[in-house]
Amino acid sequence: MTTSQRKIEHLHLCATSPVESKKMGAGFDDIMLVHKALPEISMDEIDLSVDFLGNKLSAPFMIASITGGHPGTTAINAALAGAVEELGLGIGVGSQRAAIEDPEQEESFRVVRDMAPNAFVYGNIGAAQIQQYGIEGVEKLIEMIDADAMAIHLNFLQEAIQPEGDRDASGALESIREICKLKVPVIVKETGAGISLEDVRLLKDAGAAAIDVGGVGGTSWSGVEVYRARDREDIISELLGELFWDFGIPTVPSIIECSSSLPVIATGGIRTGLDIAKCIALGSSVASAALPFVEPAMKGKKEVEESISQLLGELKVAMFLCGCDDMRKLHSAPTVITGWTKEYIELRGFDAKEFALRSEKSDFQIV
């Protein structure tokens, strides 16, 4: 199967099948923002804007990498990008590997920049492929969409489940180090299994400009591969995908692991504006999501805009109820962590005082 065909198959499965985390959520239920009964601000004057990697966004939200690489994805990327341009946000393209293998697929990616000439747009290629393509190959991907940044995705869980997956991760860190010498910032992103403190330290040393935690709680690419295996009657791959469906670090604890080291994009199960507010309060710079926009994008730009606007309206209400009229104040909003997330971070050795120091957060409680 070609990469292009696999891309349209993935998109169809995400649009029609239950592919989200089954047993383990992202962790947002364990996070409470302390309510401020006297907010002393005007909700109409709340400023959602944020600076991210030298770019101004109207709100701390981006559409995460979704698709590209097949003619059937062009209209979807056009709708997503058009909405982002209208709202002043950011967007990532899907893996550009298909365009390297088949230049005829480049238009499905170029349309993003065509429809969003002023938006923050980042490219995307897998860590498993950069050794093969090298700096020259990645530079071509950047030029393809006039990218403001380049994302290197770590999807070794999915690669391990896919029969056609690339299971050789040796030398990936050194390849990332080379790519980080490029003229644009490099974002290293997980795709659903989260990133630990140990790994983010290595990535920071390698020159990464930001981390997208891509935690457990949203789309499970192991789960997506279950459906593909079922269609092929590949019982071994299906059982393997089921076993590792929820493997990894959920989004919330992964934010806590990473947020003191580099700017963080919080991805993985973000479904409401309240989720976004919690991500920012925990130390993220911005949040992003992909799956909630697949179906709206199949309808058109207007539907994508409406979905995003709903999220941003919810974010503004959350900020109002916390007495925060900008992102700086939300970042330091009083926050309480309970439940499984509390147990996780304590077992990992993060106490409240240490987290407060690491995240420069003055009002933080673990109960």
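Residues numbered from 1 in each chain as written. Predicted model: local features only at pLDDT ≥ 70, side-chain atom pairs only at ≥ 80, totals over all residues. Heavy atoms only, no water.

**Re the nonpolar core**
Across soluble globular proteins, you tend to see nonpolar side chains buried next to one another. F61, I63, L80, I211, F293 and L330 are the most contacted members of the largest nonpolar core, which totals 114 residues. Top contributing element to this core by residue count: helix α5 (residues 127–145), with 8 residues. L330 has contacts with A277, I280, A281, L315, M319 and C324, leaving out every residue within four places of it along the chain. (Core = buried A, V, L, I, M, F, W, Y, C linked by side-chain atoms within 4.5 Å. Buried < 20%, exposed > 50% of the residue type's maximum accessible area, 1.4 Å probe, protein only. Helix = DSSP H or I, 4+ residues; strand = E, 2+ residues; numbered from the N terminus. Contact = heavy atoms within 4.5 Å.)

**What to know about helix α12 (residues 273–281)**
The element α12 is largely enclosed, with a buried count of 8 among its 9 residues. Of all the residues in α12, the buried ones are G273, D275, I276, A277, K278, C279, I280 and A281. The backbone nitrogen of L274 lies 3.3 Å from a side-chain oxygen of the residue at the head of α12, namely T272. Positive phi shows up at G283, right after α12, with a value of about 125°. (Polar contact = N/O pair within 3.5 Å; in protein donor to acceptor, adjacent residues only side chain to side chain.)

**A closer look at unusual backbone geometry**
The backbone of D146 sits at a positive phi, close to 50°, despite the residue not being glycine. With a phi close to 60°, E233 is a non-glycine residue in the positive phi region. Positionally, E233 belongs in the loop between α9 (221–232) and α10 (235–243). On the basis of relative accessible area, E233 is assigned to the exposed category, the value being 72%.

**What to know about the sheet that holds strand β4 (residues 61–63)**
With parallel pairing, 8 strands are arranged side by side around a closed barrel as β4-β5-β6-β7-β8-β9-β10-β11. Averaged over all adjacent pairs, the angle separating strand axes in this sheet is 25°, with direction ignored. Both β4 and strand β11 (residues 286–289) contribute to a ladder of 3 bridges, which runs parallel. Bridge pairing in β11 links F61 to A287. Here helix α2 (residues 74–87) sits on the sheet in contact with β4 and β5 (90–92), set at roughly 155° to β5. (Pairing = 2+ DSSP bridges. Axes fitted to C-alpha atoms, helices over the stretch in contact; angles between N-to-C directions.)

**Remarks on α5**
With 19 residues, α5 ought to run about 27 Å at 1.5 Å a step, yet its terminal C-alpha atoms sit only 19 Å apart, falling short of that. Every buried residue belonging to α5 is among A127, A128, Q129, I130, Y133, G137, V138, L141, I142, M144 and I145, and all of these are buried. Residues of α5 that are buried make contact with α3 (97–101), α4 (107–115), β6 (120–126), β7 (149–154), α6 (156–161) and α7 (172–179). (Expected span 1.5 Å × (residues − 1).)

**Examining the pattern of salt bridges**
Pairing between side chains of opposite charge can happen when their charged atoms approach one another. Taken as a whole and judged by the stated rule, the model has 18 salt bridges. E174 is paired through a salt bridge with R177; the nearest N and O atoms lie 3.3 Å apart. Of this pair, E174 and R177 both sit in helix α7, 3 residues apart, which is roughly one turn of that helix. For R232, the salt bridge goes to D234, with nearest N and O atoms at 3.6 Å. A relative accessible area of 36% means that R232 is categorised as partly exposed. (Salt bridge = Lys/Arg side-chain N within 4 Å of Asp/Glu carboxyl O.)

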